[in-house]
Amino acid sequence: INEWVFADTLLLFLEAKDYSKIENIKKIDLIKSEDVLIIFDGKNLIHAVFCLDKDLCFNKFGQTMHEIWSISKINDVLGEFKGQWKIYRKK
């Protein structure tokens, strides 16, 4: 929580915790609880959230201690970032 997490580190952590990218999910309403939604700008990871259900996620805009944690609507988060989203799900 108190440290900057680089994109590669996050992806390695997800892999170590048995999460894998779900290639066949194209609709946002197929998200499940405990999924991690990651937004990519081209090849670069630009934002990630932990999904609480198909509509809500645990979110933080920024990684400094001054940024607040919030429960946000997934569609609102997706509206803040331009890019392609992918779902990572625990096996």
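Scroll up to find the structure this text is about.
A. Highlighting the overall build of the protein. Scanning the protein from N- to C-terminus turns up two helices and six strands. Moving toward the C terminus, one meets the helices and strands of the protein in the order α-β-β-β-β-β-α-β. Taking 91 residues into account, the globule formula puts the C-alpha radius of gyration at 12 Å, and the protein, at 12 Å, falls close to it. With the C-alpha coordinates of the protein rotated into their principal frame, the extents come out at 35 × 25 × 25 Å. Going through the 91 residues of the protein one by one, you find that 30% of them count as buried. Across the protein, contacts joining residues at least 24 apart in sequence account for 52% of those joining residues at least 6 apart. Carbon and sulfur atoms make up 55% of the accessible area of the protein, which totals about 6600 Å². Charged side chains in the protein number 14 positive and 14 negative. The centres of these two groups are separated by 5 Å.

B. The pattern of salt bridges, seen in detail. By the definition in use, this model includes three salt bridges. Linking Arg89 and Asp35 is a salt bridge whose minimum nitrogen-to-oxygen distance equals 2.8 Å. Residue Arg89 is found in strand β6 (residues 84-90), and its partner Asp35 is found in the loop between β1 (19-22) and β2 (36-41); the two are separated by 54 residues along the sequence. Residues Arg89 and Asp35 agree in their burial class; the two are buried. Measuring nitrogen to oxygen at the nearest pair gives 3.5 Å for the salt bridge that ties Lys54 to Asp55. Judged by relative accessible area, which is 42%, Lys54 ranks as partly exposed.

C. Quick peek at the side chain of Asp35. Asp35 sits in the buried class, given a relative accessible area of 1%. Looking at Asp35, its side chain comes within polar contact range of the side chain of Arg89, at 2.8 Å. In this structure, Asp35 is in contact with Val49, Phe50, Cys51, Ile87, Tyr88 and Arg89, ignoring residues within four places of it in sequence.

D. Region of interest: the pairing of β6. Along β6, five of the seven residues are buried, which leaves the element largely enclosed by surrounding structure. Pairing of β1 with β6 involves four bridges; the strand directions are antiparallel. Counted as the bridge partner of Ser20 is Arg89 from β6.

E. Representation of a nonpolar patch on the surface. Together, Phe50, Leu52, Leu56, Phe58, Trp69 and Ile71 give the surface a local cluster of nonpolar side chains, amounting to about 520 Å² of exposed area. Elements with a minimum of two residues in the nonpolar patch: β4 (56-60) and β5 (69-73). Relative to the assigned elements, Ile71 resides in strand β5.

Rules behind the numbers
Residues numbered from 1 in each chain as written. Predicted model: local features only at pLDDT ≥ 70, side-chain atom pairs only at ≥ 80, totals over all residues. Heavy atoms only, no water. Helix = DSSP H or I, 4+ residues; strand = E, 2+ residues; numbered from the N terminus. Rg over C-alpha atoms; globule rule 2.2 N^0.38 Å. Buried < 20%, exposed > 50% of the residue type's maximum accessible area, 1.4 Å probe, protein only. Contact = heavy atoms within 4.5 Å. Areas by Shrake-Rupley, 256 points an atom, 1.4 Å probe, with all protein chains shown as cover. Lys, Arg positive; Asp, Glu negative; His and termini not counted. Charge placed at Lys NZ, Arg CZ, Asp CG, Glu CD. Salt bridge = Lys/Arg side-chain N within 4 Å of Asp/Glu carboxyl O. Polar contact = N/O pair within 3.5 Å; in protein donor to acceptor, adjacent residues only side chain to side chain. Pairing = 2+ DSSP bridges. Patch = residues over 30% accessible without salt bridge, like charges linked within 9 Å, V, L, I, M, F, W, Y side chains within 5 Å.

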